[in-house]
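Structural description and commentary
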Amino acid sequence: MMPSREYIPSRYAILPYYGAAAFVFVVTTVLCLVAAPAFAGHYFQPKLLAITHLAVLGWATLLIFGATNQLAPVIAERSLYSERIPMVVLALLLLGLLLLIPSFWFFSVTRWSYTGGALLLTAMLLHAHHVFKTMKHGRGGIAADCILTAHVWLILTATIGLLLLVNLRYPFLPQEHLHYLKIHGSVGMAGWFLQLVIGVSSRLIPMFLLSRSEKTGWLTVTYYLVNLGLVFFLVDGMTANSDWGRPLCFLLVLAGLGFYFLFVKKCYTSAIRKKMDSGMKQTFLALLLISLPFVLLSAAFIRPLSAPSLVTAYGVSFFIGFISTLIMGQTFKTLPFIVWMHMTKPDQLPEILPKDLFSERLVQWQMYVFLSGYLLLLMGILSTTLWMNYAGASLLVLAATGYLFHVLFIIRKLVNHAL
Amino acid sequence: MHFDITDIHYRIKQEIVQALFQVVDPELGINIIDLGLVYGIAVEDTDKTVRIDMTLSTPSCPLGGLIKSHVTLAAETAAPGFTVVVNLVWEPRWNAERISGQGHALLGW
């Protein structure tokens, strides 16, 4: 039962992911600015495909992989299976992105695009294998179930993605491309991101708030509802493609999310720690922001004629509003700790604390700028107002740049300490 | 944390407590005494051992091993010549009633 220092993985399995993801985040927001007019059109176009994949794979997934390498041993109370696999995965991911993203941006699908896609899928398989090996015999409970199942959905999403890439040049799928694209996107969002967030936060929120609640039963209900909805969505989408299939899956996932929020509410009300720092405030804000993509998706069901702009707004509200806000907040909960753990020696009382490694005020300002940018971009998409797209994207670039320098500032403390 | 003033180890226990004020929970920024994480201190003259029973704010805390090392280090400084043994215990479960007034204030109560 006793946690120990043995579960602290090497810095090389984690910190390069944080640094690389922060850099890709800046590149993604710069591309948003360059391609601001593209947000006014249909969601299926080269520039948006490139931006979406860069945001999803290079920013969010990359950082989540790094964080998982830190959290999987903590959740399972076991050591990381390998210190080398994370480095190989990172190299494969970055190389895969370098090959794939330009092919979307210039809409030129060549053998290099397939190589990039195959490298990304290989990286995901390797990472999933590594997480599974680390957590296999651990004490993870429902948190581990969510994390491991999320990785299964990630592999499925990436496999469908690779098939779609082939289908772009050599059409072989029986139905139209957009049909499979919706399955690819929805499975990735709910199966990978949402479920991973549920699993990880089910451990981190009680830990950071010092919650006394142990009501994990609600999380079990969440787990089954979300996965039932996803399996049904996948099977229905690939076979019958019924009219009521998608709304039913949507309701199942929504109901699952409702039970997750009951769990979060219980954690909040039973928290011993009443005063939240900016990282936790941002996390709760992100959890509230998740309602917006669901509202926009409901609107897309009801008003199919406005669907293309609503779907773009849905994607932006999910990845920029929910996922990015959450990641930015959690970065300043986890990264200072990771760096502090590596700076602190067991035979010496520490002179500084994790909170001394970053600026709380800068985290708040980053968030204000980021949220303003996000809301402007969202309003620009919904009202097809170009200047709002430009203004919103500019603020996102500013926030992402601040975030990158803040992350590098924290990592540099460890580098200086080690010299 | 209170000790019986007639206890022959009263003074050394007080000195250990004072030393443990330096050990801070890194997430909360509050020392482990104000947090009420230390359950008991026993001093054995026969084998020159100090036994400290303590808990963590959460069982899955990744810093448990590090905090335990720092408790050992601080107690050894306060009780030179003694071997310090730290036991992490999970019963009784740590709760808000164990936190001092100062700790409550820092946690936003």
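Here is a short report on the structure shown in this document.

Calculation notes
- Residues numbered from 1 in each chain as written.
- Chains lettered and ligands numbered in written order.
- Predicted model: local features only at pLDDT ≥ 70, side-chain atom pairs only at ≥ 80, totals over all residues.
- Heavy atoms only, no water.
- Helix = DSSP H or I, 4+ residues; strand = E, 2+ residues; numbered from the N terminus.
- Rg over C-alpha atoms; globule rule 2.2 N^0.38 Å.
- Buried < 20%, exposed > 50% of the residue type's maximum accessible area, 1.4 Å probe, protein only.
- Polar contact = N/O pair within 3.5 Å; in protein donor to acceptor, adjacent residues only side chain to side chain.
- Contact = heavy atoms within 4.5 Å.
- Expected span 1.5 Å × (residues − 1).
- Arc of directions from axis to C-beta.
- Patch = residues over 30% accessible without salt bridge, like charges linked within 9 Å, V, L, I, M, F, W, Y side chains within 5 Å.
- Areas by Shrake-Rupley, 256 points an atom, 1.4 Å probe, with all protein chains shown as cover.
- Salt bridge = Lys/Arg side-chain N within 4 Å of Asp/Glu carboxyl O.
- Pairing = 2+ DSSP bridges.
- Axes fitted to C-alpha atoms, helices over the stretch in contact; angles between N-to-C directions.

1. Examining the overall build of chain B
Helix and strand content of chain B: three helices and five strands. N-terminal to C-terminal, the α/β element order of chain B is α-β-β-β-β-α-β-α. Relative to a compact globule of 109 residues, whose C-alpha radius of gyration would be 13 Å, chain B shows 14 Å and is just as compact. Its C-alpha atoms give chain B principal-axis dimensions of about 40 × 30 × 25 Å. The buried share of chain B, taken over its 109 residues, is 54%.

2. Comments concerning the side chain of Glu 27 of chain B
Structurally, Glu 27 of chain B is set in the loop between β1 (24-25) and β2 (30-31). A polar atom in the side chain of Glu 27 of chain B sits 2.8 Å from the side chain of Lys 333 of chain A. In this structure, Glu 27 of chain B is in contact with Phe 208, Arg 273, Asp 277, Lys 333 and Phe 337 of chain A, ignoring residues within four places of it in sequence.

3. Some words on helix α10 (residues 291-302) of chain A
Residues and elements named next belong to chain A. Its twelve residues place the ends of α10 17 Å apart at the C-alpha level, agreeing with the 16 Å of an ideal helix rising 1.5 Å per residue. Along α10, the positions that sit buried rather than exposed are Pro 293, Phe 294, Leu 296, Leu 297 and Ala 300. Along the axis of α10, the buried positions cluster into a sector of 165°, meaning they face one direction only. Those residues of α10 that are exposed and angled more than 90 degrees off the buried face are Val 295 and Ile 302. Structurally, α10 contributes buried residues whose contacts are with α6 (177-209), α8 (245-269), α9 (278-289), α11 (307-343) and α12 (360-383).

4. Observations regarding a nonpolar patch on the surface
Taken together, Phe 232, Trp 244 and Leu 248 of chain A make up a surface patch of nonpolar side chains, about 300 Å² in accessible area. Of the residues examined, Leu 248 of chain A reaches a relative accessible area of 35% and is grouped as partly exposed.

5. Digging into the sheet that holds strand β5 (residues 83-88) of chain B
Residues and elements named next belong to chain B. Taken in spatial order, the three strands make up an open sheet running β3-β4-β5, and their pairing is mixed. Every interior strand has two partners, whereas the edge strands, β3 (38-44) and β5, have only one. Recorded for the sheet is a direction-independent mean angle of 15° between the axes of neighbouring strands. Looking at chain direction, β3 and strand β4 (residues 49-54) are connected through six bridges and run antiparallel. When the bridges of β4 are listed, Glu 44 appears paired with Thr 49.

6. Notes on the pattern of salt bridges
Scanning all chains against the criterion turns up eight salt bridges over all chains. Note that Asp 356 of chain A and Lys 355 of chain A form a salt bridge whose closest N and O atoms lie 3.8 Å from each other. Ionic pairing is found between Lys 13 of chain B and Asp 7 of chain B, a salt bridge with its closest N-O pair at 2.8 Å.

7. Considering unusual backbone geometry
The peptide bond linking Glu 91 of chain B to Pro 92 of chain B adopts the cis configuration, its omega dihedral lying at -5°. The topology assignment puts Pro 92 of chain B in the loop between β5 and α3 (101-106). In this structure, Thr 384 of chain A is a non-glycine residue whose phi angle is positive, near 45°. As for its position among the elements, Thr 384 of chain A is in the loop between α12 and α13 (386-418). A positive phi angle is found at Lys 48 of chain B, which is not glycine, with a value near 50°.

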